[in-house]
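Spelled out from the first residue to the last, the chains are:
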Amino acid sequence: MISELDTMSPELEEPQPTRLHTVIAAADRLAGSVFILPTVLALLLLSIFPLLASLYVSLARFKIAKGGFKLEFVGLDNYKKLFLGPERTHFLGAFAPSTPLTWFLFAVILVALAFFLAQYLLKARISLGGLIGRLLLALGLAGLAWMLVHTLWNDGRLGTVSTTLVYVFVGIFFQYILGLGLAMLTVQNLPGRRFFRVVFLLPMMITPVGVAYMFRMLTDTSKGPFTPIWQALGLVDFSWVNNAWGARTAILIADIWQWTPFMFIVLVAALESQPIEPLEAATVDGANGWQIFQHITWPAILPVSMTLILIRLIEAFKIVDLPNVMTNGGPGTATQSLTYHAFVNWRALDLGGSAAVAYMLLFLVTFFGMIFVNLIRGRVVEAL
Amino acid sequence: MKSKNMLIKVWGMAIILGVLITACGAPATTEAPAATEPPAATEAPAQTEEPAATEAPATEAPSGKMFEGVTVNLLTFVGPQVAEPLQRRGPDFTELTGATINVITVPNSELYQKALTDMATGTNAYDAFLFAPSWIVDFAPAGYIEDLTPRIEADPALQWDDVAPFFRDFNSYNGKVYSIPLDGDMHMVYYRIDSLQEAGLEPPKTWDDYLNVAKTLNGTDLNGDGEADYGSCISKAPAQQSYWWIWSIAAPFIQSQGNTQGVFFNTEDMTPLVNNAAFKRALEIYKETGLYGPPDESNQGVGDSRGLFISGRCALTMDWGDIGPLAIDPANSKVIDKVGAIVTPGSTEVLDRETGELVPCDETTCPYAVDGVNYAPYASFGGWAGAINAAAEDKAKDAAYAFLSYMAQPAQSNADVVVGATGYNPFRISQFEDQQAWIDAGFSQEAAENYLSGIEASLNSPNMVADLRIPSNQKYIQVELDRILAEYIAGNLTTDEAAQQLYDSWEAITEEVGRDSQLESYKATIGAK
Amino acid sequence: MKRWFQSKTYNTPSPVGKILSYLILGFWALLILFPLYWLIITSLKISSQVAEGPFYLPFVDFKPSLDAWKYILVGDLSNDTLRTFKNTLIVAPTSALLALILGSTAAYALVRFEYRPRVSAIFTFIGCLALGVAAIFLGVPWTIALAVAAAVFIILLQTIGRRFKRALGNNDIAFWMISQRMLPPIAVVIPIYILFQRLHLLDTYTALIITYVTSNLPIVIWLMRDYVSTIPIELEECAAIDGASRYRIFWSIVLPLAIPGLVATFLFVLVFTWNEYLLALFLSSANSQTLPLVIAAQNATRGPQWWNMSVLILIMIVPVIVIAIVLERYITRGLLIGAVKG
C-alpha cells in the first residue's frame, strides 16, 4: 500500500531508535490496514452469508417440512416466472400494443444509445471490457425504454419495476431541487435560520411507518384535514385511491416530504464548509448571485451532491412502507414497488419468489448505481 | 520487503479474525436469550389446593403451587384486542398455579412469520402461540405444534363439548385437535334496524336484496348530521379482507350440499370452482356494493368500515362478530340499539357443476334451503386459538396448556366474549344460550336476542363454509385471489378476465405443489370422501 | 428603491431577498408543521371523533381527551412502550456512534491511502469465507471451520494469488461498500436471523447493534469520504513534517475539521437506526424489542388506532429532535475559515 504522506515523512532528525519508536513507526505503516480492516471485515462477515443464502433461496423453493424446512433447488424457475410466467404482468407490466408513437419514442432512444456507443468507439483507447460494459448498458437501457414506452399509456399498465423507477427518479429530482433551494436559503445570514433548520429536519426523523400512517390520515378525503377543501372542489365522490396515478402522486408527495430533509441537511453542511474567501472575493469583484453559484458554489458542492444522490438512489429503490400503509399497493397493483412485491411473496411463504424479486431489484440498483458512479461521477471529477 | 509486508498483512488479518471470532463466541455463554431456557421448575411439587374446577391437573403433589417457577412465553399480536385478556388474566393464573405467563406481542401482519421462523429454525423461544387456527395446517404436519387431543380428553374443566362443533372441527387437523379456541369468528351482515324500517325494507335474505337495500338507502342521511351517508360499507383494500368477503358472497352460489361438497375446488379433480357463472356473479355483486359505499372504499380495511358503521354512516355492512359488542359501547357508538345482525345473505340460484351455469334452487339442488334461499355462512378466519410448541419443555407445555384451558373455560371465556374490546367473539354453545350475560354487559333484550340469533343461525347451518386449509393456501387466497380482486375492483380486469386469470393461477399453484396431494389434503379438510 | 435589492455582504440577502426567503421558508415550515399538528390533535381524540370527520381545534371543535396518552404511557400499553423506548434509546445511539467511528476511519483511509487489493485475493477470501460459513451451517463447530478456512485462504493466497495480478482500486472498494445497501432487507432477514440464532445472540442488544452498525457503515463511509476530501492535505502534510503519527493526524487534525460532516452523518445514522423496523422485528422477541414495532402494531385487527399511533409517533421523535437541536450548531460553522493561508 502506498500512501501519499509516506513519501513526505522525511528522516530529518534521526529519532533515537528506541523500541517504542520502532513500534510506533511500524504502527504508522500499518495505519492503512488498521483504519480500514475493521470495516471491511465487519461488512464481509455479516454480508457474505446473507447474500449467498438469499441467492440460493432465489434458486429454490421453500417448503415447511418435518423438523424444520426444506429448500428444493429449482434453478431459474422463480426468475422465469417473473419474466415469462404468471408474474409477468405484475412485475413488468401489461404491455400495450405498439403504436407509431411508441415506435417513434423508442427509435429516439435507440438513436441516442447508438450515438453514445459510437462516441466510445471513436475514442483513442478502447478496451474489450469497456466495450462490453457499454454494450450491456445500452442493452439494459433499451430494454427498460421498451418496457416504459409500452406501459405508460394506451391501456398499458406499469409493473412493479416501472413503478419503482417512477418513485425513484421523480422523487429524487424533487427532493434534490427542494433540498438545495432550502439549503441555500437557510445558509444566508437570516435571523431565525436555526429555527428553520431544526424544523426542516423533522420529517426525516419520523419513523417511516409513522410517516406512512400520518399521510394516510392526511390524504383521507372523508376524515382527513383537507376534507373541506375537497368538498369545496366538488370532489366528494372522487377518491384519489381509485386512480393509479393519483395514488402514485400521493405516495410521491409523502416520499418527497419525508426525504427532502436528507438532502437539505447534507447540503447545508456542505455549503457551510465552503471556504469564505473565494465568495467574498467574488462579491467584491461584482459577480451577481447566479454567477457566484454557477462558478464557485456549484462545483464545490457537486461531489457531495453526487454522493448524496447515489445514497438516496439506493435507498429510494427499496421503498416499501409508503405503498404498504397508504394504499396497500393499490389500486390493483398500481403503487406496488419492487420491495413490496417481494414482501407479498414473502408473506405467502414463497421465499424463493421473494428472493428472486429482491435480486432483480439488486441488479436494477447496481445497474443504475454503476451508471451513475462511472459515467457521471467520472465526468464530474474531470470537470473540476 | 514486499513478501514480509505481505506476511505481516496476512498474519494481521488472521489475528484480527481470531479476535473477532472469540469476541463473538464469548457472549454466547453470557447472553443466552432467557426465552429458550425456561428456568427449570423448582420441583417443589404442587398441591391441588386451588379450585379444582379451573385447573386441568397436570401433576399432582402435596405442597406449593403446581407450576411454581415455570415461565410460559406466549406469542401473539399487539393488543388491545386478543392480547389484553391474556395479559389481564395472566396474574390471576399466576396466583392459582405459580406459573408466569409472559405475553410477547408482535405486529399482526408479521405474527405468522415470527411463529414460523421460530419453530422452523429450531429457535423455539416461544412455548405457546395465540394465532389463527388455519395456520395449523402448515404447522401440524411438520410437527411444530403439539397434538392436544389427549390433554383435552383428560380435561373435563374445559367443557370441550360446549364448544360449537364447527369450531371443534376447525381447530383440528386430520382428526386431532391442535389448538384451543378462545374466540369464534364468522361473517355476518349487520343492518340499521331504524333505517330499514323507515324505508319499509326487510333485512336482506339474498345478495340481490342486499344490493337493493344498499341502493335505496345510499345517499340518504342515516345519522342525522345532514350529510349523505352510504348504503353499504364493505372494505375493499388490497391485502386486507377482500379475499374473505368475496367468499361470503360466492359461497351460497357455489355450495349447497353441505360443507363436504367443497366451495373452492372440485372434489373430483381439484379444478378451481371459479371460472363459472356463480363466481362471476359473486364478483359482480362484490363490485356493485362499492357503488353504494364511500368513495375510498377500495383503500379501506375492515377497521375503517367498522368505524363508519358504528358512527352511523352505513346502512349495511358485513363483518365478524365484533360489531355486536362495539355497537352498544356508549363511548363510541352512535347506533346503540339500532343494529341488527343476520346470517350472511344467500342465493336463490346455485351452481350446476357440470355446466358451470346457475340453476334455480329446489329440493335437490338446495336441500338445506330456508324458504327457497340457500345460505352458506362463511366462518372466515375461524377465530383466535391457542397452540403449544411441540419443542418446548414439558413443564412449560403443561403450564401453557393449563393457561389456555383456563382462558377457554366458561368462567373466563363467557366474561370475555361479551366485551367488544377483548376481540373475543362467542364460540361456545352456552354463550349463545345465556342471554343474561349479554344483557348484563349492556345489550338490550332485543339487541341480545337479535345478535345471538344471527350467530346461532350461522353456526347451526348445515351448509357452513370454512377457510381453505390446504398447503400453500396463502398463495391461493392471499396472494393470487387478493391481487386479482384488487385489479378487478380497480377496473383493470373484466369479470371474465378476472375469473379466467384466477382459474389459471390457481391451476398453476396446484400443478406446482402436486395435484394429487392437494386433492387428498382438500378432501381431508372438508371431510369429503 | 434600488437598495431593496442590494445585499450588504455576500451572505446577507437584500431586503427583498429577505422577504422572499422568509416567505418560502415559512411556507415550507408550514408544510412540515401542519401534519405534525394534525398528529398532535389526533392524539387527543377518541375513535368516534376521528371517524366522523375532521376537527381542527381542541376545545373549539372537539373535546380533547388524554385517553390515548394515558393508555400509551401509564395504561395497558405502558409496559411495552417504556420497555421498547428504553431499548431503542440504548441500541440506536450506540450503533450510530460505533458506525460513525468505524466508518470515518475507513473513509479517511479510502481518501488518503491507496489500496490495491488483488482480485484473486478477494475471490479466494470470499470463497474461503463462504466455505467456512457453509461448514458452520452444516454443523461443524465454528472454531474449526474458521480456522480451516483461514488456513486454506493463506495457502491459496500464496500460490494462486501470485499468478493473477489484476487489482482494484479505492473507488471499487467504496462501490462495493455502498452496494451492501442495495439488497432490500426482506431478502436477508431470515438468513441474518439464522446467523444470529447459531451464535445464540437472538433477542439481545448485541445482535441489533452489530446488524445496525454493519448496515449503516456504507452510508457513513460515503458521506465522510466527501467531507474528508474537502480538508486540505497541506494541513496533514505540515503535521507529518512535524513528526506526528498517522493516528495523531487523524485524531487531532482531521476529525475536528470534519465535525460538521460528522454531526450530520451521526444524525442520519441515528435516524436510520432509531426507526428501523424489519430487522428489529425478527432479531428481537421479548427483551430487545424496539419502538417502531409498537407503532406498526397499532394497526390491529380493528384497523389503525390512529390516536394511539399518533402518541407513539410523537414520543418517538422527541429524543431525536432534542439531539438534533443540540447538535445542529456544529453543522453550521465553517471551521476552515482561516485554516489555510496562502
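Above: the structure in question.
Residues numbered from 1 in each chain as written. Chains lettered and ligands numbered in written order. Predicted model: local features only at pLDDT ≥ 70, side-chain atom pairs only at ≥ 80, totals over all residues. Heavy atoms only, no water.

### Focus on the overall build of chain A
Across its full length, chain A carries 15 helices and five strands. Its C-alpha atoms put chain A at 80 × 60 × 55 Å along the principal axes. Within chain A, the proportion of its 384 residues that are buried is 56%. Sequence separation of 24 or more characterises 68% of the internal contacts of chain A that already satisfy a separation of 6 or more. Here chain A displays about 16700 Å² of accessible surface, and carbon together with sulfur accounts for 70% of that area. Taking the average place of the 24 positive charges on the side chains of chain A and the average place of its 21 negative ones, the gap between the two points comes to 13 Å. (Helix = DSSP H or I, 4+ residues; strand = E, 2+ residues; numbered from the N terminus. Buried < 20%, exposed > 50% of the residue type's maximum accessible area, 1.4 Å probe, protein only. Contact = heavy atoms within 4.5 Å. Areas by Shrake-Rupley, 256 points an atom, 1.4 Å probe, with all protein chains shown as cover. Lys, Arg positive; Asp, Glu negative; His and termini not counted. Charge placed at Lys NZ, Arg CZ, Asp CG, Glu CD.)

### A look at the packing of aromatic side chains
One pass over the structure, following the stated rule, counts 62 aromatic pairs over all chains. Ring centres of B:F129 and B:F131 lie 5.7 Å apart, and the angle between their planes is 5 degrees; this geometry places the pair in the stacked category. Considering the side-chain rings of C:Y108 and C:F113, the 6.3 Å spacing of their centres and the 80 degrees angle between planes classify their relative orientation as edge-to-face. Cluster of aromatic residues (ring-pair linked, three or more members): B:F77, B:Y243, B:W244, B:W245, B:W320, B:F381 and B:W384. (Phe/Tyr/Trp six-rings, centres within 6.5 Å; stacked < 30°, edge-to-face > 60°.)

### Details of the sheet that holds strand β14 (residues 385-388) of chain B
All names here are of chain B. Reading across the sheet, the five strands line up as β2-β1-β3-β14-β6 and stay open at both edges, with mixed pairing between neighbours. Across the chains shown, the open sheet's two edge strands, defined by having one partner strand only, are β2 (100-106) and β6 (180-181). Relative to β14, strand β3 (residues 128-131) is paired through four bridges, and the arrangement is antiparallel. Looking at β14, one finds that L130 is bridged to G386. Its contacts with the sheet put helix α2 (residues 83-97) on β1 (71-77), β2 and β3, and the angle it makes with β2 is roughly 165 degrees. (Pairing = 2+ DSSP bridges. Axes fitted to C-alpha atoms, helices over the stretch in contact; angles between N-to-C directions.)

### Comments concerning the interface of chain A and chain B
Every contact between the two is made by 45 residues of chain A and, on the other side, 37 residues of chain B. Here chain A packs against chain B, burying approximately 3500 Å² in sum over the two surfaces, 55% of which is carbon and sulfur. A per-residue breakdown of the area chain A buries against chain B is headed by A:I64, A:R157 and A:N328, which together make up 15% of the total. Along the contact surface separating chain A from chain B lie five salt bridges. Across the pair A:R216 and B:D304 runs a salt bridge, and its minimum N-O distance is 3.0 Å. (Buried area = accessible area lost by both parts, 1.4 Å probe. Salt bridge = Lys/Arg side-chain N within 4 Å of Asp/Glu carboxyl O.)

### With respect to helix α6 (residues 160-187) of chain A
In an α-helix there are 3.6 residues to a turn, and that puts residues three or four apart on one side. Between its first and last C-alpha atoms α6(A) spans 39 Å; for 28 residues at 1.5 Å apiece the expected length is 40 Å, and the two agree. Across the 28 residues that make up α6(A), a large majority, 20, are buried. (Expected span 1.5 Å × (residues − 1).)

### Focus: the packing of helix α7 (residues 193-205) of chain A against helix α10 (residues 244-272) of chain A
Residue and element names in this part refer to chain A. At a minimum axis distance of 6 Å, the contact between α7 and α10 shows a crossing angle of 135 degrees. The angle between the axes of α7 and α10 places the two elements in the oblique class. The way α7 lies across α10 gives a crossing that is left-handed. Contact with α7, carried on its side by R197, F200, L201, P203 and M204, involves W257, Q258, W259, P261, F262, F264, I265, V268 and E272 of α10 and no other residues of that element. Residues that form the contact of α7 with α10 fall into these classes: 11 nonpolar, one polar and two charged. (Parallel < 35°, antiparallel > 145°, perpendicular 65-115°, else oblique. Left-handed = near helix turned anticlockwise from the far one by under 90°. Nonpolar A, V, L, I, M, F, W, Y, C, P; charged D, E, K, R; others polar.)

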